[in-house]
Amino acid sequence: GVELIRRISQSKGGESFNVLTHCNAGWLAFVDYGSATAPTYAAHDASIAVHVYADETRPRSRCSPNGMGAGSKWRSHTIIADNVGGHLMQYGMVDLVLKGTDRTAVLGAMVNKFGTYLKVLAAQDNDAPFT
């Protein structure tokens, strides 16, 4: 993930790189940072200017920089309502969408929260890479 962020950041000439995260699948599912946020932390550690838009992933208002202090490592982040992501993509404010998964099968099928499908459609419609 960090190599993708690095390539896109370089193509922007060093401007802040904007990431939208949807469902972190955080430190309880993964030892440390979580599946969606790990590349953003690695980018931060590599001195890449990253701004993270973390959506609430309804219905439980879970967002990527959870209350465990994860958001504090990002120099720049904004917690947004679940449906704002499409608007941000529409106006070119998202360079990459990262999503966690609640479950991933051996062959790659994934289960995630409501709203993921709409993020995929918005990303496709606005040429935002989605992973």
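Everything here concerns the structure above.
The following refers to the structure shown. Since we're looking at a predicted model, the values are computed, not measured.

**Description of the nonpolar core**
Here is step 1: If you look at the biggest cluster of nonpolar residues, it comprises 13 residues, and the most contacted ones within it are I5, F17, A43 and V50.
Here is step 2: For this core, the elements supplying multiple residues, two or more each, are α1 (2–11), β1 (17–22), β2 (50–55) and β4 (96–99).
Here is step 3: If we ignore the near neighbours within four places in the chain, the residues touching F17 are I5, I8, S9, K12, A49, V50, H51, D95 and L96.

**Observations regarding a nonpolar patch on the surface**
Here is step 1: A cluster of nonpolar side chains, namely Y117, L118 and L121, defines an oily patch on the protein surface of about 330 Å² accessible area.
Here is step 2: Inspection of the secondary structure assignment puts Y117 in helix α4 (residues 116–125).

**Some thoughts on the pairing of β2**
Here is step 1: When you tally the buried positions in β2, you get six out of six residues, the bulk of the element.
Here is step 2: In β2, alternate side chains face the same way, and those of V50, V52 and A54 on one face and H51, Y53 and D55 on the other are all buried.
Here is step 3: Pairing geometry for β2 and strand β3 (residues 76–80), over five bridges, is parallel. For D55, the partnering residue across the bridge sits in β3 and is I80.

**What to know about the sheet that holds β2**
Here is step 1: Strand order in the open sheet formed by four strands is β3-β2-β1-β4, and the pairing between neighbours is parallel. Edge positions in the sheet fall to β3 and β4, since each has one partner strand and no second. With strand direction ignored, the average angle separating the axes of adjacent strands in the sheet is 25°.
Here is step 2: Packed onto the sheet, α1 meets β1, β2 and β4 and runs at close to 145° relative to β1.

**Some points on α1**
Here is step 1: Within α1 the residues assigned to the buried category are V2, I5, I8 and S9. The buried residues of α1 occupy an angular sector of 130° when the element is viewed end-on, so they sit on one face. Away from its buried face, by an angle of more than 90 degrees, α1 presents the exposed residues R7, Q10 and S11.
Here is step 2: Buried residues along α1 sit against β1, α2 (38–45), β2 and β4.
Here is step 3: Once α1 finishes, G13 follows within two positions and takes phi at roughly 70°, a positive value.

**Focus: the pattern of salt bridges**
Here is step 1: By the definition in use, this model includes four salt bridges.
Here is step 2: R6 is paired through a salt bridge with E3; the nearest N and O atoms lie 3.4 Å apart. Highlighted residues: R6 and E3, both in helix α1, separated by three residues, approximately one helical turn.
Here is step 3: A salt bridge links D95 to K12; its shortest N-O distance comes to 2.8 Å. Taken together, the residues D95 in the loop between α3 (84–90) and β4 and K12 in the loop between α1 and β1 connect sequence positions 83 residues apart.

What counts, and at which threshold
- Residues numbered from 1 in each chain as written.
- Predicted model: local features only at pLDDT ≥ 70, side-chain atom pairs only at ≥ 80, totals over all residues.
- Heavy atoms only, no water.
- Core = buried A, V, L, I, M, F, W, Y, C linked by side-chain atoms within 4.5 Å.
- Buried < 20%, exposed > 50% of the residue type's maximum accessible area, 1.4 Å probe, protein only.
- Helix = DSSP H or I, 4+ residues; strand = E, 2+ residues; numbered from the N terminus.
- Contact = heavy atoms within 4.5 Å.
- Patch = residues over 30% accessible without salt bridge, like charges linked within 9 Å, V, L, I, M, F, W, Y side chains within 5 Å.
- Areas by Shrake-Rupley, 256 points an atom, 1.4 Å probe, with all protein chains shown as cover.
- Salt bridge = Lys/Arg side-chain N within 4 Å of Asp/Glu carboxyl O.
- Pairing = 2+ DSSP bridges.
- Axes fitted to C-alpha atoms, helices over the stretch in contact; angles between N-to-C directions.
- Arc of directions from axis to C-beta.

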